[in-house]
Amino acid sequence: MLTYHLPASLKFLNWSLLYTPSRDGTFYSTFFEKCSNEEYTLLVVKDTANNIFGAFCTEVWQKS
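All values derive from a computational prediction rather than experimental measurement.

Engineer: Could you clarify how one ought to interpret the pairing of strand β2 (residues 52-57) in this entry?
Structural biologist: Residues in a regular strand point their side chains to alternate faces of the sheet. When strand β1 (residues 41-46) meets β2, the two strands line up antiparallel, connected through six bridges. Looking across to β2, one finds that Leu 43 is bridged to Ala 55. Here β1 hands over to β2 after five residues, with Asn 50 in that stretch at a positive phi of 65°.

Engineer: I keep staring at the pattern of salt bridges and nothing clicks. Help me out?
Structural biologist: A side chain with one charge may pair with a side chain of the opposite charge, provided their charged atoms come close. Scanning the entire structure with this criterion turns up two salt bridges. A salt bridge links Asp 24 to Arg 23, with the nearest nitrogen and oxygen atoms 3.0 Å apart. We note a salt bridge from Lys 34 to Asp 24, for which the minimum N-O separation is 3.6 Å. Highlighted residues: Lys 34 in helix α2 (residues 28-35) and Asp 24 in helix α1 (residues 21-24), separated in sequence by ten residues. Assessed through its relative accessible area of 16%, Asp 24 is described here as buried. Overlapping salt bridges, with partners in common, bring together Arg 23, Asp 24 and Lys 34 in one network.

About the thresholds
Residues numbered from 1 in each chain as written. Predicted model: local features only at pLDDT ≥ 70, side-chain atom pairs only at ≥ 80, totals over all residues. Heavy atoms only, no water. Pairing = 2+ DSSP bridges. Helix = DSSP H or I, 4+ residues; strand = E, 2+ residues; numbered from the N terminus. Salt bridge = Lys/Arg side-chain N within 4 Å of Asp/Glu carboxyl O. Buried < 20%, exposed > 50% of the residue type's maximum accessible area, 1.4 Å probe, protein only.

See the structure below:
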């Protein structure tokens, strides 16, 4: 489980799926609409070569 690798203070937060291209589409603006008000996000990406990578983000997403 991914939460095992998070800092102890964040392991037991109520994590939920905010955005997925299969449900929400692939528009850049939709990603920001869904994620822009969240203080902590875990980004997980699977590329076309089936590599999986990601990031734990501690700042609110902003368009720039």
